[in-house]
Amino acid sequence: MTPDDLLKEALESAVVGLFGKSADLQIQPTNPQFEGSHTLVCFPLTKLSGKSPEETGKLIGEAVLKGSDTVSSFNVVKGFLNFVLSDKVWSSRFNQINANPSFGTFSPNGKEIMVEYSSPNTNKPLHLGHLRNNFLGFAVAEIYRAIGYKVHRVQIINDRGIHICKSMAAWKLFGNAETPASASVKGDHLVGKYYVLFDRHYKEQTAELEKSGLAKEQAEKEAPIMKLAVAMLQQWENRDPEILQLWQTMNGWVYEGFGKTYERMGVSFDKLYYESETYLLGKEEVLKGLESGVFFKKEDGSVWVDLTADGLDQKVLLRSDGTSVYMTQDIGTAILRFRDFPSIDGQVYTVGNEQEYHFKVLFLILKKLGFKWAEKCFHLSYGMVDLPTGKMKSREGTVVDADDLMEEMVQAAAKQSQELGKAEPSEATNEMIGLGALKYFLLKVDPKKRMLFDPNESIQMQGNTAPFIQYTHARIRALIRKAEEQNLNFSGSFSGIKLEPGERALISLISRYPETITLAASGYSPSVVANYAYELAKEYNQFYQTVRIFGEQDNQTLLFRIALSAQTAKIIRHAMALLGIGCPEKM
RNA sequence: GGUCCCGUAGCUCAAUGGAUAGAGCAACUGCCUUCUAAGCAGUAGGUUGCUGGUUCGACCCCAGCCGGGAUCACCA
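A quick note: this is a predicted structure, and the numbers were derived from the prediction, not measured.

**Brief notes about the packing of aromatic side chains**
Within the structure shown, the criterion is met by 25 aromatic pairs. Three or more aromatic residues joined by ring pairs make a cluster, and in this case those are Tyr117, Phe258, Tyr262 and Phe269. If you follow Lys482 out to its NZ or CZ, it ends over the ring of Phe550, 4.5 Å from the centre.

Following this line, the structure appears as structure tokens:
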């Protein structure tokens, strides 16, 4: 039984004993400025007791103190009844946790979930926004795995469409057969270069056409380079061998580049879906829906869904020329996924909040098509990452490149280590610290909130950051090494230890770790885990700084403190791993 | 204009309807002969955008305003 359960039981019997019937008891963690760990809010009980909140609290407190040995003392402040639980309760809880090597992970619950993240276009390298997306999706997947789900990590790769044709067009015109090898550039960056080049020429051409008297809309259509890209898209749909070849080659470059980026990021996928392989299925399903009357056709041949009755708009699903749009292929992809994994209990789409409307429509369409699993689909919508200069715009060159940023973070970590005079910081350690700082920075904020990334200030290693937490872990590991050198055996259980307030607080925090993971999972919010890890590290540092562990004379207490430290390090490592962040042994 | 999200210390962020709204950064003051100072302790910093309402109790729920953002394409 956890301390929570013990107290709840004691409280329930006290309330029944005092007032003759049970009531809903509101127990919450005690505000740190008061003594105790658990607080009963007494206001709701005044109706039952017929007394003031203070008196009610006092009555209940006395009854609990007499009726059980769970509580060692209590105090009442206003209507709040604060309990100090007995050391016996805490140390037995600690023994329980200590004896459970898999504390924090739940046994398999037989459920399956699919988490989609990343899902980039294949025409340019990954940027800061993708980093938030990937870290978020990866962490949510890890958190669900921790609570017992079987997790399928997937992405849909937007490998076809006008965007890649733009890069292809520019490469064909100006590339001189350049390859990543010949240019010594990562493939995704090379393809991105031509995407930018396309845009530059496109702008020049439309400007000239406008000067010669064309309307803006007309000029945009008539620009020769755009006409080339559109022609390539049509050739692609007609399976033109030469175009397919070029398309495959350039996508191949991108995949190779992405692969390196993902590897450094520490994310991976169990299965990849490609738009080029799902869009036709989507088209089929839309045509089926047309037959069954879910959709309708306009005079020009385009196919639409009418969602006005649901408070939404009409939405095009097939263009008048029969080609599919984004929505079409998303319908296909969703159906394919539930075909591939019929027993999944949920599908999470990690996609920015600018697509909220899109997913609302998608899920509604799937429901209208009669797929019961439509309600299992969830859009994990997250806010944009803004720069001090405003929104990132790839066309204006204000994007923060993922590869560059990761490299900068690792360099910054190396520099920091050097300035602090750390001994022999290994490359692996710098990598863990630099990337850890970046991941933590992006994950500690509630996903649905927009966040600001200031390149000058965000590379920070003190305070509420991953390096702070990692450092706490490394310090504990140093303690453990010392204990092992001295052949101290700190496994096993402890009793009769007189606990310091900081030790009680630590055990209490550790004890709440499993429910923290559950909370993070149900809210799809790794920030809950991040904030917990920070709280735990902070609490431990206070303990570390007030108690001299190896200076302790009592052997049992010494061993207990080492065991408590070891347990803290273990949970820090576990929690950080859920965020995709490693913890070095030394730093 | 319709729909949705956000507004908390100078800055970046916390706070299952509960106590005197908390951290970090930046500023200032202390603490390394000690288990790692990427640390700890302290000072200062607030009308939680505004106005009402519900409640014993509201940053949180409701209504209205103000400010910021997203979205409403035969784009993705």
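Structure shown, so let's carry the discussion forward.
**Notes on the domain arrangement of chain A**
Split by domain assignment, chain A resolves into domain 1 (3-85), domain 2 (160-267) and domain 3 (402-578). The distance between the C-alpha centroids of domain 2 and domain 3 comes to 45 Å. Each partner contributes to the interface: domain 2 provides seven residues, whereas domain 3 provides eight residues. Each partner contributes to the roughly 590 Å² buried at the junction of domain 2 and domain 3, and carbon and sulfur atoms together form 43% of this total. Interface area lost by domain 2 to domain 3 is led by Thr261, Arg264 and Met265, which between them contribute 85%. There are three salt bridges connecting domain 2 and domain 3. Linking Glu431 and Arg264 is a salt bridge whose minimum nitrogen-to-oxygen distance equals 2.6 Å. For the pair domain 2 and domain 3, the interface holds six residue pairs in polar contact (both at pLDDT 80 or more). Of all the elements in the fold, those that place two or more residues in the side of domain 2 that touches domain 3 are helix 8 (187-211) and helix 11 (241-265). Partitioning the side of domain 2 that touches domain 3 into residue classes produces one nonpolar, three polar and three charged.

**Side note on the side chain of Thr39**
Note that Thr39 resides in strand 2 (residues 38-41). Within the local environment of Thr39, its side chain forms a polar contact with the side chain of Thr30, the two groups lying 2.7 Å apart. Other than its neighbours up to four places away in sequence, Thr39 contacts Gln26, Ile27, Gln28, Pro29, Thr30, Phe80, Leu81 and Asn82.

What counts, and at which threshold
- Residues numbered from 1 in each chain as written.
- Chains lettered and ligands numbered in written order.
- Predicted model: local features only at pLDDT ≥ 70, side-chain atom pairs only at ≥ 80, totals over all residues.
- Heavy atoms only, no water.
- Phe/Tyr/Trp six-rings, centres within 6.5 Å; stacked < 30°, edge-to-face > 60°.
- Lys NZ or Arg CZ within 6 Å of the ring centre and 35° of its normal.
- Domains from an automatic or database assignment.
- Contact = heavy atoms within 4.5 Å.
- Buried area = accessible area lost by both parts, 1.4 Å probe.
- Salt bridge = Lys/Arg side-chain N within 4 Å of Asp/Glu carboxyl O.
- Polar contact = N/O pair within 3.5 Å; in protein donor to acceptor, adjacent residues only side chain to side chain.
- Helix = DSSP H or I, 4+ residues; strand = E, 2+ residues; numbered from the N terminus.
- Nonpolar A, V, L, I, M, F, W, Y, C, P; charged D, E, K, R; others polar.

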